[in-house]
Amino acid sequence: MKTTLLGAPIDTLTMEESVEKVAGFIKSGQPHRVLTLNPEFLYRAQFDPELMEFARRAALVTPDGIGIVWACRMAGRRVVERVTGIDLMLSLVHRAANEGWRVYLLGAAPGVSEEAAGRLCQGYPGLQVAGTHQGYFSDEEAAGVAEIVRQTRPQLIFVALGAPKQEQWIDRYLEQTGASVAVGVGGSFDVIAG
Ligand code: UDP
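Calculation criteria
- Residues numbered from 1 in each chain as written.
- Predicted model: local features only at pLDDT ≥ 70, side-chain atom pairs only at ≥ 80, totals over all residues.
- UniProt positions renumbered as here; feature names shortened; annotations may be inferred.
- Buried ≥ 20, exposed ≤ 12 C-beta atoms within 10 Å, placed from the backbone.
- Helix = DSSP H or I, 4+ residues; strand = E, 2+ residues; numbered from the N terminus.
- Pairing = 2+ DSSP bridges.
- Expected span 1.5 Å × (residues − 1).
- Arc of directions from axis to C-beta.
- Contact = placed C-beta atoms within 7 Å.
- Axes fitted to C-alpha atoms, helices over the stretch in contact; angles between N-to-C directions.
- Parallel < 35°, antiparallel > 145°, perpendicular 65-115°, else oblique.
- Left-handed = near helix turned anticlockwise from the far one by under 90°.
- Core = buried A, V, L, I, M, F, W, Y, C linked by C-beta atoms within 7 Å.

Regarding the protein, the relevant UniProt record gives this comment under Pathway (unreviewed entry): "Cell wall biogenesis; teichoic acid biosynthesis."

1. Some words on the pairing of strand S4 (residues 60–63)
Burial along S4 is two-sided: the face carrying Leu60 and Thr62 and the face carrying Val61 and Pro63 are both buried. Bridge count between strand S3 (residues 32–37) and S4: 4 bridges; the pairing is parallel. Paired with Val34 across the bridge in S4 is Leu60.

2. Here's the deal with helix H1 (residues 15–28)
Count 3.6 residues to each turn of an α-helix, and residues three or four apart come out pointing the same way. Spanning 14 residues, H1 covers 20 Å between terminal C-alpha atoms, matching the ideal 20 Å at 1.5 Å per step. Among the residues of H1, Ser18, Val22, Phe25 and Ile26 are the ones counted as buried. Within H1, the buried residues cover an arc of 95° as seen down the axis, which keeps them to one side. Seen from the buried face of H1, the exposed residues on the opposite side, beyond 90 degrees, are Glu16, Glu20, Lys27 and Ser28. Packed against the buried residues of H1 are S3, S4, helix H5 (85–99), strand S7 (156–160) and strand S8 (181–184). Positive backbone phi, approximately 75°, marks Gly29, located one or two places after H1.

3. Considering the sheet that holds S8
Read from one edge of the open sheet, 6 strands run S4-S3-S8-S7-S5-S6, paired in parallel fashion. With one partner strand each, in any of the chains shown, S4 and strand S6 (128–133) form the two edges of the open sheet. Between one strand axis and the next, the sheet turns through 20° on average, direction left out of account. Taken strand by strand, helix H7 (residues 142–151) contacts strand S5 (102–107), S6 and S7, and its axis lies near 160° from that of S6.

4. Topic: the packing of H7 against helix H8 (residues 165–177)
Between H7 and H8, the shortest axis-to-axis distance is 9 Å and the interhelical angle comes to 40°. Classified by the angle between their axes, H7 and H8 sit oblique to one another. Along this stretch, H7 crosses H8, giving a crossing that reads as right-handed. For the pair H7 and H8, contact is made by Ala142, Ala143, Ala146, Val149 and Arg150 and by Trp169, Tyr173, Gln176 and Thr177, respectively.

5. Re the nonpolar core
As a rule of thumb, soluble globular proteins bury nonpolar side chains together. With 57 residues, the main nonpolar core has Phe158 and Val159 as its most contacted residues. With near-sequence residues (within four places) excluded, Phe158 lies in contact with Met89, Val103, Leu105, Leu106, Val183 and Val185.

6. Brief notes about the environment of Leu5
Assignment of secondary structure puts Leu5 in strand S1 (residues 2–5). Leu5 sits 70 residues away from Ala75 along the chain, and the two C-alpha atoms are 8.8 Å apart. Those residues in contact with Leu5 that sit more than four places away from it in its chain are Ile10, Leu42, Ile68, Ala71 and Cys72.

This is the structure in structure tokens:
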């Protein structure tokens, strides 16, 4: 189910339902964008049509803020949970380890994505990390990064470049990577790497 809040579509789902939806995207083999919508992004989207387009083009928009959750509950009258980038990432990694999905970690300062991948492999045995790449590259290098990602054949990409840079990269390059799902996860790699 979907609702609309200040012009942005939001999927009124629980975490479990959101993960199930992503599983369907991965099975389809077609590219899908996932946006965790926080209040700051929704506010900025009121004045920035590009950001609103990212929300409209996403195959899944999760409510990432308690105010957004409340608004969804009132509009949709059903159970909705806050689904943040880090929580969604950890739930998806858990599922990925069970399903054998190949995941890629793109973003954060040099060394952080490798560290985060190492921690995740410890916490979720069997997790297949296709690769990692740091997040400080120029606009000229962005397409080359997509090509590096493509060569590792990931199915699910976590992009931690901060908003809205990560959404811009996903919008532009997801198809080129050949992956079925890309999720912008903000500062999650820093949190996981500790
Ligand atoms: N980052 C990056 N490349 C950049 C700018 C930021 O990889 O050009 C990373 C940064 O190291 C951090 C994350 O993106 O890991 C942004 O985290 P933040 O919590 O600021 O994201 P937000 O919650 O604002 O989306």
